[in-house]
Every structure is written in structure tokens, then in C-alpha cells.
Amino acid sequence: MFVTGHTGFKGAWLCVMLERLGAKVHGYALDTPEHYLFQRAGITDLLASDVRADIRDTAALRDAIVASGAQVVLHLAAQTVVRESYDDPGEAFSSNVMGTFSVLEACRRAPEVTRCVVVTTDKVYANNEWAWGYRETDRLGGDDPYSASKAAAEIVTHSMAVSFPREGYAVATARAGNVVGGGDATPEALMPELVGAYAEGRAAVLRYPDAVRPWQHVLEPLSGYLTLAEHLTPRRHDTVWNFGPAVEDALTVGEVASRVAAAWGDGATWHGEGDPGPHEAGLLMLDSARARTEMGWAPVHDVAGALERVVTWERDVRSGRATPLEATRAQVDEYLGLDAMRQAIG
């Protein structure tokens, strides 16, 4: 397995998940700060190769893919923070559009690669603030630079798929929403603010407490990406897939903060911020019926279980009961066991 963006939050959890599944993992990404999960958990020691370079260097990326011998490429590398995309829109468009092109160009020129899953986001949809989930056939859009750049990445993927087909090779995109999990240090993300504030005994500050998001544990979409990679035959070439939680797991930011505060205890609390900053979507949900029907994928944890596991991970690591790697492996092993049980029953 060749993973771009393996040093990010999702990438770190994915590397551990693949390790527990017995895969040989090759990573290609930029460096991340020492307080990120990848560094804290020493995940580089789990990898068959660990290349630190820019995905926009197509020649270097292709060389790394060929050298790895990987058949499957999971493309997670991206500029992922909405506020940062306002500060530097050029970097957001370059990373997310030209970076995706570079990955696809490298893959089509690496003969051993048979499958490529391009990870985007639920924010690729033209957001009408609907009270129901968006389906894969709904219109693409994006007002802020991050959302627009990821929607453009979807168009680039489609164009490369139909313009440069190769026998035995298939490409698809995967869309997921807000994820939560232990060890998150993503700038502007909700969990780092909540956990950091609650651990320090101060009130967390929320920009959009009334915004509704489809919350899921980080392992849920990762299992979706792997399910898609497993089922990605040429018959599913140039397809798109949603991997979101159940409708009832869409909560406001404030509701999530209150649930985490209750689980944390110690008088944890939060308040809203007067200046919410640049525009972000207010209501956004996904319809994952296609993945459920055609590939048998479904979430394992509900939102309560997801938030409980965040608190457990953070409490265990902060108290010294477990290292970041031990805590992550434990939750991956639990998840894989629950997933196997669900498939056996259903």
C-alpha cells in the first residue's frame, strides 16, 4: 500500500490500521510538527519506506511508487484547513488540484499500480444547507478556497480517469466529513480545542457552535477507503463514493462540545466566540447508501461511541497509562474486531 499524506492525522491512523492488517505500507508526504500523532507515536518505524517530499514533484513521486512495488495508492495528502485556505488560497489550489493531478499522473505511469483511491471531502458539494444528505450525483461546488479546490480535484480525477485509461487500472474518489479521534492536532479542528481546553481547566472557545456536521470516528472513513480499494475493479473505474455516519449522528458543534465535556468531567465547559471568522458551511450531511448497498460498508461506532473513544485515548495517553502508539493500536484492534463481528452478523 502506498499512502500519500501519511504524516497527517488521518494518515497516521491509517498507517496503524494497515499495520494491524498485515500490509506493507509505504508513505510519501511532507514533514509534520513533533506534536502531531505521526511523530508522537513513532509511526515511521512501522513503515516499509518513508519518503518526505512534495506530491507536486511528479518525477520523484513516480520513482517512489515504482520503487515501493505497491499496487494500491491511497491519496490523502492535501491542504485541509478551511481558514488556512483563506490565508493562502494559492497554496490550497496548488496542493489540492495540481497535487492530485501529480498523483494521478504518477500512478498512470507506474505499471504495477492497479488501483488509486483519491480522498476528497464532503465539502465538494454545492451546499444548499439541505436537511438531508448529499448523494454522489449531486452538483459539485465550493465557496471557500478549500472546498473549491477539493471540488476541482474531483474534476481533475474524472478527467484523468476518462482521458488516460489503462487496462487493469481503476481510479475512484472517496468523500467523507468531519472525523474525530485521539491525538488530533490539526489546526482549527474542534477536538484539539476541546481536549486542550478541558485538560487545562479552561473553557473551550467555539467559532460555530450552531453548525451541524456529520461526526464520525476517524477509523470509519479509513475503513471506507480500504473497502473501496478492495472493491475497485475496472468496472468501478471513474466512480465516486460517500462514507458518512448515520443521519442521527449529525450534531451541532455545541452538542459535541457538551458531550465531550460531560465525558471528560472536571467541570469542563465551553462558550461561543464573538467573531467566527471566514464563512464555513452551516449544515452539511452525506448519504452513504451507495457504499452500504454496493460494497456492504457501514459505520461501526455511533457518535456517542466515537466521542467516548476520543476521551479514552486522551485520558490514557495523558495519564501515562498508554503511549500514543499503544492507545492507537488498541482502538484499531477493537474496531477491526467489531467490524468483523458486524460483517459476520449482517
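Going by the structure above, here's the rest.
Predicted, not measured: the structure shown is a model, and the values here were computed from it.

Student: Explanation requested: the pairing of strand E6 (residues 170–175) in the structure shown.
Tutor: A regular strand places its side chains so that they alternate between the two faces of the sheet. Taken across its six residues, E6 has six buried, putting it largely inside the fold. Side chains Ala170, Ala172 and Ala174 project from E6 onto one buried face, and the interleaved Val171, Thr173 and Arg175 project onto a second face that is buried too. Relative to E6, strand E5 (residues 115–119) runs parallel, the two sharing five bridges. The residue of E6 that forms the bridge with Val117 is Ala172. At this point the chain moves from E5, through helix H6 (residues 145–163), to the parallel E6, and the crossover so formed is right-handed. Sheet topology places E6 next to strand E11 (residues 239–242); four bridges connect them, and they run parallel.

Student: Could you clarify how one ought to interpret the packing of aromatic side chains in this entry?
Tutor: Working definition: an aromatic ring pair is given by the centre-to-centre distance plus the angle between the planes. Counted by the stated rule, this structure contains four aromatic pairs. Each ring, one from Phe2 and one from Tyr28, has its centre 6.2 Å from the other, and the planes form 35°; the classification is tilted. Residue Phe2 is found in strand E1 (residues 2–4), and its partner Tyr28 is found in strand E2 (residues 26–29); the two are separated by 26 residues along the sequence. Each member of the pair, Phe2 as well as Tyr28, carries the same accessibility label: buried. Here the aromatic residues Tyr225, Phe243 and Trp297 are joined through ring pairs into a cluster of three or more. Across from the ring centre of Phe164, 4.0 Å away, lies the NZ or CZ of Arg108, which sits over that ring. The ring of Trp264 carries Arg315 above its face, with NZ or CZ at 4.1 Å from the centroid.

Student: How should I be thinking about the side chain of Arg236 in this particular structure?
Tutor: Mapping Arg236 onto the fold places it in the loop between helix H8 (219–231) and E11. We note that Arg236 is buried and unpaired, the nearest opposite charge coming from Glu294 at a distance of 4.1 Å. A distance of 3.2 Å separates the side chain of Arg236 from the backbone oxygen of His231, its partner in a polar contact. Ignoring anything within four residues of it in the chain, the contact list for Arg236 reads Val171, Ala172, His231, Trp241, Glu294 and Met295.

Student: Any chance you could explain the state of the cysteines here in plain terms?
Tutor: A covalent bond between the sulfur atoms of two cysteines is what we call a disulfide. One pass over the structure, following the stated rule, counts zero disulfides. There is no disulfide at Cys15, and the cysteine sulfur nearest it, in Cys116, is 16 Å away. No disulfide involves Cys116; its nearest neighbouring cysteine sulfur is the one of Cys107, lying 4.0 Å away.

Student: Explain the environment of Ala197 to me, please; I cannot follow it from the model alone.
Tutor: Relative to the helices and strands, Ala197 is located in helix H7 (residues 190–200). Judged by relative accessible area, Ala197 falls into the buried class, the value being 0%. Sequence separation of Ala197 and Val260 is 63 residues, and the distance between their C-alpha atoms is 11 Å. Non-local contacts of Ala197, meaning those with residues more than four positions away in its chain, are made with Arg202, Ala203 and Ala204.

Student: Any chance you could explain the nonpolar core here in plain terms?
Tutor: One broad trend across soluble globular proteins is that nonpolar side chains are buried collectively. By size, the foremost hydrophobic cluster in this structure holds 46 residues, and its most contacted members are Trp13, Leu74 and Phe243. Sorting elements by how many residues they give to this core places helix H1 (residues 9–20) first, with eight residues. When sequence neighbours within four positions are dropped, the list of residues in contact with Trp13 reads Leu37, Gly182, His217, Val218, Leu219, Leu222, Trp313, Thr328, Gln331 and Val332. Formed by 24 residues, the second largest nonpolar core is a distinct cluster that contains Met191, Leu194, Tyr198 and Tyr208.

Definitions and limits used
Residues numbered from 1 in each chain as written. Predicted model: local features only at pLDDT ≥ 70, side-chain atom pairs only at ≥ 80, totals over all residues. Heavy atoms only, no water. Buried < 20%, exposed > 50% of the residue type's maximum accessible area, 1.4 Å probe, protein only. Helix = DSSP H or I, 4+ residues; strand = E, 2+ residues; numbered from the N terminus. Pairing = 2+ DSSP bridges. Right-handed = clockwise from strand over helix to strand, strands pointing away. Phe/Tyr/Trp six-rings, centres within 6.5 Å; stacked < 30°, edge-to-face > 60°. Lys NZ or Arg CZ within 6 Å of the ring centre and 35° of its normal. Lys, Arg positive; Asp, Glu negative; His and termini not counted. Salt bridge = Lys/Arg side-chain N within 4 Å of Asp/Glu carboxyl O. Polar contact = N/O pair within 3.5 Å; in protein donor to acceptor, adjacent residues only side chain to side chain. Contact = heavy atoms within 4.5 Å. Disulfide = S-S within 2.5 Å. Core = buried A, V, L, I, M, F, W, Y, C linked by side-chain atoms within 4.5 Å.

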